[in-house]
Amino acid sequence: MELLEREIRENGQVLEGGVLKVDNFLNHQINPKLMKALGDEFAQLFKDAGVNKILTVETSGIAPAVFAGLELDVPVVFGRKNKSLTLQDNMYTTSVYSYTKQISNEISISKDYLTASDRVLIIDDFLANGQAVAGLLSICKSAGADVVGIGIVIEKSFQKGRRWVEETGIRIESLARVASLDNNQVVFVGEEGTESNE
Ligand code: 5GP
């Protein structure tokens, strides 16, 4: 998505360890117009998938997920990172290792908001090694919910998450695909001289 690629080029910062910092528009300060454009794009891509619920994880998946939910007219549920002790019995919980924070988080979703009748679109801000997506998939499996698609804002195609998701057979759409962050340069998949891992 050209608009997103431009934003990443103008405002993204490459950090050590293959991390792309996008605090300027996604991970800290939020650009609402851009989030709406991302949500609309996800809605357009998945409009025929029969989605009745969007699932994301707090915090940064919420903004694009809400705009996609608005356009598809479906509710948005976000996995919570701090489990309330009083609600334990009624929660699906899984442990997710965070690539950027290098710690494991418990992700919980109430059984009230995810059931076997759901057709779920998973949306997240980044796909790196696929831990966050794997956690959400395992919660959907526990709930008996069908996952009909995965929408990612920024995919780091040089890490193993993309391939892992493809092997599940679930449709994945990433709005920006970063082929490399070498030498502090953002190179997108499809740009001259790059190779995707497809
Ligand atoms: P994964 O679970 O796919 O390994 O990593 C995805 C999660 O880690 C995302 O939800 C995001 O919070 C974080 N993440 C992974 N790589 C990056 C990155 O390069 N930049 C930022 N800002 N977050 C990242």
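Definitions and limits used
Residues numbered from 1 in each chain as written. Predicted model: local features only at pLDDT ≥ 70, side-chain atom pairs only at ≥ 80, totals over all residues. Heavy atoms only, no water. Pairing = 2+ DSSP bridges. Helix = DSSP H or I, 4+ residues; strand = E, 2+ residues; numbered from the N terminus. Contact = heavy atoms within 4.5 Å. Axes fitted to C-alpha atoms, helices over the stretch in contact; angles between N-to-C directions. Buried < 20%, exposed > 50% of the residue type's maximum accessible area, 1.4 Å probe, protein only. Right-handed = clockwise from strand over helix to strand, strands pointing away. UniProt positions renumbered as here; feature names shortened; annotations may be inferred. Near = heavy atom within 4 Å. Polar contact = N/O pair within 3.5 Å; in protein donor to acceptor, adjacent residues only side chain to side chain. Areas by Shrake-Rupley, 256 points an atom, 1.4 Å probe, with all protein chains shown as cover. Nonpolar A, V, L, I, M, F, W, Y, C, P; charged D, E, K, R; others polar.

1. Examining the sheet that holds strand S10 (residues 187-188)
Pairing is mixed across the open sheet formed by six strands, whose spatial order is S4-S3-S7-S8-S9-S10. Looking along the sheet, the strands with just one partner apiece sit at the ends: strand S4 (76-79) and S10. Pairing geometry for strand S8 (residues 146-156) and strand S9 (residues 172-180), over six bridges, is parallel. Across the sheet, residue glutamate 155 finds its bridge partner in S9, namely arginine 177. Docked against the sheet, helix H5 (residues 131-143) engages strand S3 (53-57), strand S7 (119-127) and S8, running at close to 165 degrees with respect to S7.

2. Re unusual backbone geometry
Only a minority of non-glycine residues have a phi that is not negative, and only a minority of peptide bonds are not trans. Each neighbour pair has its own omega, and for glutamate 58 with threonine 59 the value is 10 degrees, a cis peptide bond. Mapped onto the fold, threonine 59 is located in the loop between S3 and helix H4 (62-72). For aspartate 73, which is not glycine, the phi dihedral falls at a positive 60 degrees. Tracing the backbone shows aspartate 73 in the loop between H4 and S4. Unlike most non-glycine residues, asparagine 184 shows phi in positive territory, near 60 degrees. Structurally, asparagine 184 is set in the loop between S9 and S10.

3. Considering the pairing of S8
Within S8, 10 of the 11 residues are buried, which leaves the element mostly enclosed by the surrounding structure. Here S7 runs beside S8; their pairing, made up of eight bridges, is parallel. When the bridges of S8 are listed, leucine 127 appears paired with glutamate 155. For the segment spanning S7, H5 and S8, crossover handedness is right-handed. Handedness of the crossover joining S8 and S9 through helix H6 (residues 161-168) is recorded here as right-handed.

4. Considerations on the UniProt feature "binding site: 5-phospho-alpha-D-ribose 1-diphosphate" (unreviewed entry) in the protein
The UniProt record marks Ala128, Asn129, Gly130, Gln131 and Ala132 with the feature "binding site: 5-phospho-alpha-D-ribose 1-diphosphate" (unreviewed entry), using the residue numbering of this structure. As for its placement among the helices and strands, alanine 128 is situated in the loop between S7 and H5. With residues up to four places along the chain from it excluded, the contact list for alanine 128 reads Tyr99, Lys156, Gln159, Lys160 and Gly161. Within the element layout of this structure, alanine 132 appears in helix H5. Those residues within four positions of alanine 132 in sequence are excluded, and the remaining contacts are Val96 and Asp124.

5. Looking at the environment of isoleucine 139
By secondary structure assignment, the location of isoleucine 139 is in helix H5. Separated by 88 residues in the primary sequence, isoleucine 139 and valine 51 place their C-alpha atoms 17 Å from one another.

6. Description of the site of the ligand
Neighbouring the ligand are 16 residues; Leu20, Asn27, Ala128, Gly130 and Ala132 lie closest to it. The separation between a nitrogen atom of the ligand and a polar main-chain atom of leucine 20 is 2.7 Å. Between aspartate 124 and the ligand, the recorded distance is 3.1 Å, taken from a side-chain N or O atom to an oxygen atom. Coverage of the ligand by the protein amounts to 88% of the 510 Å² it exposes when considered alone. Of all the secondary structure elements, the ones that give two or more residues to the shell around the ligand are strand S2 (19-21), S7 and H5. Tallying contributions element by element places S7 first for the shell around the ligand, with four residues. Residue composition of the shell around the ligand, by class: seven nonpolar, six polar and three charged.

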